[in-house]
Amino acid sequence: MSAAKFKKIFGDISHHLLLIVIAIVTIYPALWVVLASFRPGTALYSEHLLPERFTIEHYIELFREFPFAQWYMNTIKIALVSMVCSTFFVLLTGYAVSRFRFRGRKSLMSGLFVLNMFPSFMSMIAVYILLLNMNLLNKHSALMFVYTGGAAMGYLLVKGYFDTIPRSLEEAARIDGANHWIIFFKIFVPLSRPLIVYLSVTSFAGAFNDFIFAQMVLRTKEQQTLAVGLYNMVSSQFSTQFTLFAAGCVLVALPITLVFMFFQRFLVEGLTAGADKG
């Protein structure tokens, strides 16, 4: 066996072993939580990975003892509205910065870039005071406004993508009498489906899984989201409902998984369409 062939085989084996280790480290905790949700009792720890007896009592108890269905609807409503609005506004922001030239443009971009480097929770007190003065505390609209407004800070990704679209397409449409709205919806949006998929999935997942800001804004149990409700379920000093919490985590992971699987197909289609049109 030649040295080059041996090196190639050794490299392939090393890569596959590394992938197996990463898969085990990633899948094992999730698998433990899933199996714990079907384990009788309240203890999350067990000497065996597989439960000795499977039960769905924890899933039934979630909806029987807690307003879990209401939490689910609240979370999905907030995530969907935030996804649509934030994706639309960040696309508009990226289009304006990419295609328009106005006074203070570079200073604005530099300022937003610097602000985006700071963690979002640094502004929580200021946002809380604003929501308090606007009488928006304990309302889902407060979360939607904040998620949508903060999404525009990611305009640089959109700007970089729009900069790759040839200006000849825009100039040809402008000769035909198209304005900026027509150019945006008829040219930029169809060519940006991979980007739109990415923005939609990330904004939905961010709003769906957010805990810190939702915990600060939402007060009553009926208005809470899944993350806040599940945390409060096990946050008390004498709480032992860990298998119940595991069942809730499994149900929380389902929408994110389904959204990713659904948009993955459109991501591939968008990449193919963009290549054909380019």
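Residues numbered from 1 in each chain as written. Predicted model: local features only at pLDDT ≥ 70, side-chain atom pairs only at ≥ 80, totals over all residues. Heavy atoms only, no water.

1. Some thoughts on the overall build of the chain
Within the chain, the regular secondary structure consists of 13 helices and 0 strands. On C-alpha atoms alone, the chain measures out to a radius of gyration of 24 Å, which is more than a quarter above the 19 Å that the 2.2 N^0.38 rule sets for 278 residues. Seen along its three principal axes, the alpha-carbon backbone of the chain occupies a region of about 75 × 70 × 30 Å. A burial count over the chain gives 35% of its 278 residues as buried. Put simply, 71% of the contacts in the chain that link residues at least 6 apart link residues at least 24 apart. Split by element, the accessible area of the chain, about 17100 Å² in all, is 71% carbon and sulfur. Here the chain contributes 22 positive and 14 negative side-chain charges, whose respective centroids are spaced 10 Å apart. (Helix = DSSP H or I, 4+ residues; strand = E, 2+ residues; numbered from the N terminus. Rg over C-alpha atoms; globule rule 2.2 N^0.38 Å. Buried < 20%, exposed > 50% of the residue type's maximum accessible area, 1.4 Å probe, protein only. Contact = heavy atoms within 4.5 Å. Areas by Shrake-Rupley, 256 points an atom, 1.4 Å probe, with all protein chains shown as cover. Lys, Arg positive; Asp, Glu negative; His and termini not counted. Charge placed at Lys NZ, Arg CZ, Asp CG, Glu CD.)

2. Observations regarding the confidence of the model for the chain
Confidence in the prediction for the chain averages 83 pLDDT; 91% of positions are at 70 or higher. Considering each helix and strand of the chain separately, the mean pLDDT is smallest for helix 13 (residues 242–277), with a value of 72, and largest for helix 3 (residues 68–99), with 91. Residue range residues 270–278 is modelled with pLDDT below 50. Its contacts to residues more than four positions away, or to other chains, number 7 contacts. (pLDDT = per-residue confidence, 0-100.)

3. Notes on the nonpolar core
One finds Phe68, Leu131, Leu143, Phe213 and Val217 to be the most contacted residues of the largest nonpolar core, which totals 39 residues. For this core, the secondary structure elements donating two or more residues are helix 2 (57–65), helix 3, helix 5 (124–133), helix 6 (140–151), helix 10 (193–209), helix 11 (212–217), helix 12 (226–234) and helix 13. Looking at which element gives the most residues to this core, the answer is helix 13, with 7 residues. In this structure, Leu143 is in contact with Ile78, Ser82, Phe213, Ala214, Val217, Leu218 and Thr225, ignoring residues within four places of it in sequence. (Core = buried A, V, L, I, M, F, W, Y, C linked by side-chain atoms within 4.5 Å.)

4. A short note on the packing of helix 4 (residues 105–116) against helix 7 (residues 155–163)
Two numbers describe how helix 4 lies on helix 7: the axes approach to 11 Å, and their chain directions differ by 130°. One way to sum up the angle between helix 4 and helix 7 is to call them oblique. Contacts from Arg105, Met109, Leu112 and Phe113 in helix 4 reach Tyr155, Leu156 and Lys159 in helix 7. (Axes fitted to C-alpha atoms, helices over the stretch in contact; angles between N-to-C directions. Parallel < 35°, antiparallel > 145°, perpendicular 65-115°, else oblique.)

5. So, the packing of aromatic side chains
Tallied over the entire structure, the rule returns 19 aromatic pairs. Consider the rings of Phe63 and Phe68, whose centres lie 5.2 Å apart with planes at 80°: the pair is edge-to-face. Look at Phe63 and you get partly exposed, because its relative accessible area is 45%. Here Phe88 and Phe185 contribute two aromatic rings whose centre-to-centre distance is 6.4 Å and whose plane-to-plane angle is 20°, an arrangement assigned as stacked. Of this pair, Phe88 sits in helix 3 while Phe185 sits in helix 9 (residues 180–191), and the two are 97 residues apart along the sequence. When its relative accessible area of 31% is taken as the criterion, Phe88 is described as partly exposed. (Phe/Tyr/Trp six-rings, centres within 6.5 Å; stacked < 30°, edge-to-face > 60°.)

6. A word on a nonpolar patch on the surface
A contiguous nonpolar surface patch, about 850 Å² in accessible area, is contributed by Phe113, Val114, Leu115, Met117, Phe118, Phe121, Met122 and Leu156. Following the sequence through the fold, Leu115 ends up in helix 4. (Patch = residues over 30% accessible without salt bridge, like charges linked within 9 Å, V, L, I, M, F, W, Y side chains within 5 Å. Salt bridge = Lys/Arg side-chain N within 4 Å of Asp/Glu carboxyl O.)

7. Structural notes on helix 10
Compared with the 24 Å implied by 1.5 Å per residue over 17 residues, the 24 Å span of helix 10 between its first and last C-alpha is a close match. Summarising burial for helix 10: 12 of the 17 residues are buried, a large majority. (Expected span 1.5 Å × (residues − 1).)

8. Points about the side chain of Arg105
Of note, Arg105 is situated in helix 4. No salt bridge forms around the buried Arg105; measuring N to O, its nearest opposite-charge neighbour Asp163 is 5.9 Å away. Within the local environment of Arg105, its side chain forms a polar contact with the backbone oxygen of Phe100, the two atoms lying 3.4 Å apart. With residues near it in sequence (within four places) discarded, Arg105 still touches Val97, Phe100 and Lys159. (Polar contact = N/O pair within 3.5 Å; in protein donor to acceptor, adjacent residues only side chain to side chain.)

9. Let's talk about unusual backbone geometry
Positioned with a positive phi, Asn135 is a non-glycine residue whose angle comes to about 60°. In this structure, Asn135 sits in the loop between helix 5 and helix 6. On the basis of relative accessibility, which here comes to 56%, the residue Asn135 falls in the exposed class. Here the phi dihedral of Asn138 falls at roughly 65°; this positive angle occurs in a residue that is not glycine.

10. Regarding the pattern of salt bridges
The tally for this structure, following the rule as stated, stands at 5 salt bridges. In this structure, Arg64 and Glu65 form a salt bridge, with 3.6 Å as the shortest nitrogen-oxygen distance. Among the ionic pairs, Glu170 bridges to Arg99, the shortest N-O distance being 2.8 Å. Of this pair, Glu170 sits in helix 8 (residues 167–175) while Arg99 sits in helix 3, and the two are 71 residues apart along the sequence. Taken as a pair, Glu170 and Arg99 share a single burial class, namely buried. Linked through salt bridges whose partners overlap, the residues forming this network are Glu57, Arg64 and Glu65.

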